[in-house]
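The primary structure of each chain is shown beneath.
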Amino acid sequence: MSELVEFLTSHRAELLARLSEHIVLVAVSTFIAAAIGIPLGVLAARRPVLARPLVGLANLAQTIPSLALFGFLIPLPLIGGIGTRTALVALTLYAVLPIVRTTIAGLNGIDRAVLECAVAMGMTPRQMLRTVELPLAAPSILAGVRVATVVGVGTATIASAIGAGGLGDYIFRGLAMVDPVVILAGALPAALLALAADGLLAVASRSLAGHRTSPLNRAAMIVAALALVTVIVASYPSRSTAAVVVGSKNFTEQIILGELLAQTIEQRSGLLVERRFNLGGTLVADEALRRGDIDVYVEYTGTALTALFNEPVGEPASVFDRVRELYADRSITMAAGLGFNNTFAILVRSSAAAERGLARISDLAPIAPEWRAGFGYEFLERPDGFAGLSRTYGLRFRDAPRVMDLNLIYRALAAGEIDVTAGDATSGLIEALDLTPLQDDRAYFPPYDAVPVVRAATLLRYPQLAGALRHLEGRISAEDMRRMNHQVDGLRQDPRDVAHRFLAGVSRGS
């Protein structure tokens, strides 16, 4: 607990920023959902024939897993891309269903005698809705808003995967570092926020139920507060006014490289930099770059060739030039390499390697039917991943490979939950967890040189950016990268501090 308190204290400014982003995401999406859901609920209550299809459509949105929904939205024009806009669309879709349902239930639960009295008094349908039905149904409607708000607080943590910020940044960072303190730094405030929002709305609901004189006025105050937040964020762009937006994928090395880029640009060019780290993966980062949601991130040549451009691997020496040409066709400039090749490493426990005499991947073939394999999500799907590896080496494992997050897979291997996996050759956990990489004796994997890729339009707008990126050319060796990864994963150091110390050393050696 003391470690958590120390972390929250030392990161209080960042924590407040992430908390503010989280509140805005939830408040705005809930208000938009209420603005959509309450009229739909009224329409469905007035015309029962529409109730089933309306609720069915809202149910359909609820059945889509949140990460999948974000993935569907990213390529769409106008509402897609990465950042706040896409997150708000997804969160709104999730929030609509409970509000529609409780609005229908509240209106249908009104005593018919009350409605008949209103008709006898000569009220029009619109007057009845405004002065009788909505006031009486308000507690039920607000109960739906409570549910939508609490669900939104939890779901908004996942929005960090598409660069929307919020408390999920800490959760994803903690998963990348396998650090429970950092995970709790995001999860605990999110839980407290959900409880606080639920408590405040519960008080408002009881107030509405106990004071029938002006419930709509009380409800209007709540809605007005949410509307105010919406107005503030209405002009909030999907990217900030920073000159350059630096992105990264969602694992430790990428976060460190993102910090190295961001700090180098700040120091060497004087440009204002925004960080959008922990993007969902290769395809999400590439889509963000092409759409202009980010300006630069670090990619790997072999990954770009196979996963982004769907080209077979030819001569390893030609991969770098070929990938540069393919990026140029997309108006993206591939800068000079950072100096290391982060190829895939097929890993086993060192004790098992010594016991079974394993040194090469081909040595696995005879014992693979006895062993359990586990791989990251991308490795199972990408063209240079598991399918091609198993064909090249004739690998047939005991069961279908288990799928898990890349950041957790090293520890699963060390703990004996699986027997073989594919990791990063530069991972600091290989040595820390006593794992052994096997030699790729049939040269299956292409070179994975780490290279910054940057939008050509950004380079034209800010010529000084090119000079800043050149400062990192060839400066990071594989040993440097392993050491920095170990400092974050093994020693629990902050990626920003690790990058700062490395750049200070580079400057002294210049």
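## Quick notes on the overall build of the protein chain
So, point 1. Secondary structure assignment for the protein chain yields 23 helices and 10 strands.
So, point 2. If one aligns the C-alpha atoms of the protein chain with their principal axes, the spans along those axes are about 90 × 55 × 50 Å.
So, point 3. For the protein chain, buried positions account for 53% of its 510 residues.
So, point 4. Sequence separation of at least 24 residues holds for 75% of the intrachain contacts in the protein chain that already meet a minimum separation of 6.

## A closer look at the nonpolar core
So, point 1. In this structure, Ile265 and Leu364 are the most contacted members of the largest nonpolar core, which totals 61 residues.
So, point 2. Broken down by element, this core gets its largest block of residues, seven residues, from helix H11 (residues 252-269).
So, point 3. Each residue touching Ile265, except ones within four places of it in the same chain, is listed here: Val244, Val246, Gly270, Leu271, Val273, Val296, Leu465, Ala468 and Leu469.
So, point 4. Membership of the second largest hydrophobic core comes to 49 residues, among which are Ala164, Leu167, Tyr297 and Val453.

## Considerations on the side chain of Asp286
So, point 1. By the element assignment, Asp286 lies in helix H12 (residues 282-291).
So, point 2. Judged by relative accessible area, Asp286 falls into the buried class, the value being 3%.
So, point 3. Setting aside chain neighbours within four positions, we find Asp286 in contact with Tyr297, Leu308, Tyr327 and Arg330.

## Considering the pattern of salt bridges
So, point 1. Counted under the stated rule, the structure contains 24 salt bridges.
So, point 2. The partner of Lys249 in a salt bridge is Glu299, and the shortest N-O contact between them spans 2.7 Å. Taken together, the positions of Lys249 in the loop between strand S1 (244-247) and H11 and Glu299 in strand S3 (residues 296-300) put the pair 50 residues apart, joining distant regions of the chain. The same class applies to Lys249 as to Glu299, namely buried.
So, point 3. Between Arg356 and Glu370 there is a salt bridge, and its shortest N-O distance comes to 3.3 Å. Residue Arg356 is found in helix H15 (residues 350-356), and its partner Glu370 is found in the loop between H15 and strand S6 (374-375); the two are separated by 14 residues along the sequence.
So, point 4. For Arg356, a relative accessible area of 34% corresponds to the partly exposed category.
So, point 5. Of the residues examined, Glu370 reaches a relative accessible area of 45% and is grouped as partly exposed.

## Some remarks on the sheet that holds strand S5 (residues 344-349)
By way of backbone hydrogen bonds, the strands of a sheet pair with one another, either parallel or antiparallel.
So, point 1. Reading across the sheet, the three strands line up as S8-S5-S9 and stay open at both edges, with antiparallel pairing between neighbours. Lying at the two open borders of the sheet, with one neighbouring strand each, are strand S8 (421-424) and strand S9 (435-438). Averaged over all pairs of adjacent strands, the angle between strand axes in this sheet comes to 50°, irrespective of strand direction.
So, point 2. As paired strands, S5 and S9 are joined by four bridges and run antiparallel to one another. When the bridges of S9 are listed, Leu347 appears paired with Pro437.

## What about helix H13 (residues 301-308)?
So, point 1. A large share of H13 lies buried, amounting to eight of its eight residues.
So, point 2. For H13, the set of buried residues is Thr301, Gly302, Thr303, Ala304, Leu305, Thr306, Ala307 and Leu308.
So, point 3. Looking at the buried positions of H13, the neighbouring elements they touch are H12, S3, helix H14 (319-328), strand S4 (332-334) and strand S10 (450-455).

## A few points about the confidence of the model for the protein chain
So, point 1. Scored by pLDDT, the protein chain has a mean of 86; 92% of the residues are at 70 or more.
So, point 2. Residue range residues 230-239 is modelled with pLDDT below 50. Its contacts to residues more than four positions away, or to other chains, number 17 contacts.

## Digging into the packing of helix H2 (residues 12-46) against helix H3 (residues 48-63)
So, point 1. Put simply, H2 and H3 touch, their axes get as near as 5 Å, and they point 135° apart. Comparing their axes, H3 and H2 come out oblique. Seen from H2, the contacting residues are Leu40, Leu43, Ala44, Ala45 and Arg46; seen from H3, they are Pro48, Leu50, Ala51 and Leu54.
So, point 2. Residue classes in the contact of H2 with H3 are distributed as eight nonpolar, no polar and one charged.

## What to know about the environment of Leu201
So, point 1. Residue placement: Leu201 occurs in helix H9 (residues 180-210).
So, point 2. Expressed as a C-alpha distance, the spacing of Leu201 and Val348, which sit 147 residues apart in the sequence, is 52 Å.

## Let's talk about the packing of aromatic side chains
We describe a pair of aromatic rings using the distance from one ring centre to the other and the angle between the two ring planes.
So, point 1. With the rule as written, the count across this model stands at 10 aromatic pairs.
So, point 2. A centroid spacing of 5.4 Å and a plane angle of 85° characterise the contact between Phe344 and Tyr448, whose relative ring orientation is edge-to-face. Note that Phe344 is positioned in strand S5 and Tyr448 in the loop between S9 and S10, a separation of 104 residues in sequence. Tyr448 shares its class with Phe344; the two are buried.
So, point 3. Members of the aromatic cluster, joined through ring pairs, are Phe344, Phe375, Phe379, Phe386, Phe397, Tyr444, Phe445 and Tyr448.

Here is what the cut-offs are and how they apply
- Along every chain, residues carry numbers that run from 1 in the direction the sequence is written.
- Local features in this predicted model are restricted to residues whose pLDDT is 70 or higher, and side-chain atom pairs enter the listing and the counts only when it is 80 or higher, whereas totals over whole chains, interfaces and linings include all residues.
- To obtain the side-chain values, all non-hydrogen atoms of the structure were included, while hydrogens and water were left out.
- Put simply, DSSP H or I for four residues or longer makes a helix, DSSP E for two residues or longer makes a strand, and each gets a number counted from the N terminus.
- Buried residues are those whose accessible area, probed at 1.4 Å on protein chains only, stays under 20% of the maximum for their type, while exposed residues exceed 50% and partly exposed ones sit between those limits.
- Only heavy atoms matter for contacts: two residues are in contact if any of them lie within 4.5 Å across the pair.
- Working definition of a nonpolar core: buried Ala, Val, Leu, Ile, Met, Phe, Trp, Tyr and Cys residues. They are joined through side-chain atoms within 4.5 Å.
- Salt bridge criterion: a side-chain nitrogen from Lys or Arg within 4 Å of a carboxyl oxygen from Asp or Glu.
- Strands qualify as paired when DSSP identifies two bridges or more between them.
- Helix axes are fitted to C-alpha atoms over the stretch in contact, other axes to C-alpha atoms as well, and angles between N-to-C directions run from 0 to 180 degrees.
- pLDDT is a per-residue confidence score from the predictor, ranging from 0 to 100.
- Roughly parallel covers angles under 35 degrees, roughly antiparallel covers those over 145, roughly perpendicular covers 65 to 115, and oblique covers all other angles.
- Ten residue types, Ala, Val, Leu, Ile, Met, Phe, Trp, Tyr, Cys and Pro, are classed as nonpolar, four, Asp, Glu, Lys and Arg, as charged, and the remainder, Gly among them, as polar.
- A pair of aromatic rings is counted whenever rings of Phe, Tyr or Trp (Trp by its six-membered ring) have centres within 6.5 Å, and the orientation is called stacked for planes under 30 degrees apart, edge-to-face for over 60 and tilted otherwise.

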